[in-house]
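Structural overview
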Amino acid sequence: MSDARSITVLDLGLGNLHSVLGALRRVGASPRVGSSAEDIANAERLLVPGQGGFAAGARALTPVRREALRSHLDSGRPYLGICLGMQLLFEGSEEAPGAEGLGYFAGRCVRFDETRAPRIPHMAWTPIDGDHPFVEAGAYFYFVHSYHCVPDDAALTVARADYGGGVCAAVARASVFACQFHPEKSQHRGAALLKRFLEVPLD
């Protein structure tokens, strides 16, 4: 029988997982850390966090991990990507020309326009505007990033933030949700998002 609290957090070796695991436990989850293709294949709910550069993230996506991640994304099982875990869903990034993301979503990550952004990186609590059950329009979330995703399909964007212009803050399609902000660092708003992710029905 499936455990509604069970969630696998993928460790790609990109940053400390402590804050993510702590946030999940505070909302009643029973997180497990995994790193192998087998761990991905066995995950009912999968959370992919990440800090650091796109190049390092792309290198961490070994061929077997790529295949397992694509299978999970295609399966309809819930996926939550945070920060780099969102960016890696796309084809590539200006940060690392030639480095390949998963290409699950068409589009790329681009650097903030230095003539428009107040400062780079965008490191601040920022309100979002959007329409998705996981997020509330007007709620503040915590962002830390210098690059942002630009989906080819505008319909993928379910939340935006204003930082020298409109920026994609979250994307979603079916059971896949990914956000540029950090719910694990966003206090009660982030906790609410994580709880809603845990409530997504498992087939």
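Both faces of the sheet carry side chains from a regular strand, because those side chains alternate between them. By the criterion of burial, strand 11 (residues 166–173) is predominantly enclosed, with six of the eight residues buried. By the bridge criterion, five bridges tie strand 10 (residues 157–162) to strand 11 in an arrangement that is antiparallel. Each residue of the ladder has a partner; that of Ala161, found in strand 11, is Val167. If you look at the hairpin formed by strand 10 and strand 11, you'll find three residues sitting between the two strands, and Gly164 has a positive phi there, around 70°. Bridge analysis of strand 11 against strand 12 (residues 176–179) gives four bridges, and the strand direction is antiparallel. In the strand pairing of strand 12, Ala170 is matched with Cys179.

Moving on, we come to the sheet that holds strand 9 (residues 147–151). One open sheet accounts for three strands, arranged 5-6-9; its pairing is mixed. Where the open sheet ends on each side, the last strands, each with one partner, are strand 5 (92–93) and strand 9.

All told, the structure shown has eight aromatic pairs when counted by the stated rule. Both rings, one in Phe90 and one in Phe105, keep their centres 5.6 Å apart while their planes meet at 55°; by these two values the pair is tilted. One end of the pair, Phe90, is in the loop between helix 5 (84–87) and strand 5; the other, Phe105, is in the loop between strand 5 and strand 6 (107–111), with 15 residues separating them in the sequence. The residues Phe90 and Phe105 share a single accessibility class, namely buried. Connected via pairs of aromatic rings, a cluster forms that spans Phe90, Tyr104 and Phe105.

With that settled, consider the sheet that holds strand 2 (residues 30–34). In space, the nine strands of this open sheet follow the order 2-1-3-4-12-11-10-7-8, with mixed pairing throughout. The outermost strands of the open sheet, each flanked by one partner alone, are strand 2 and strand 8 (140–145). Across this sheet, the average inter-strand angle for adjacent strands is 30°, counted without regard to direction. Both strand 7 (residues 122–130) and strand 10 contribute to a ladder of three bridges, which runs antiparallel. The partner of Ile128 across the bridge, within strand 10, is Ala161.

What counts, and where the lines are drawn
- Positions within a chain are numbered from 1, following the residues in the order the chain's sequence is written.
- Given that the model is predicted, a residue must reach a pLDDT of at least 70 before its local features are reported, and side-chain atom pairs must reach 80 or more before they are shown or counted; all residues, however, enter totals for whole chains, interfaces and linings.
- Just so you know, side-chain values use all the structure's heavy atoms and leave hydrogens and water out.
- Think of it in three bands: with a 1.4 Å probe and only protein chains considered, a residue is buried below 20% of the maximum accessible area for its type, exposed above 50%, and partly exposed in between.
- Counting from the N terminus, the helices are DSSP H or I runs at least four residues long and the strands are E runs at least two residues long.
- Two strands are said to pair when DSSP picks up at least two bridges between them.
- We call Phe, Tyr and Trp rings a pair once their centres come within 6.5 Å, taking the six-membered ring for Trp, and we label the pair stacked below 30 degrees between planes, edge-to-face above 60, and tilted otherwise.
- For helices, the fitted axis covers only the stretch in contact; all axes are lines through C-alpha atoms, and the angles between them, taken along N-to-C directions, range from 0 to 180 degrees.

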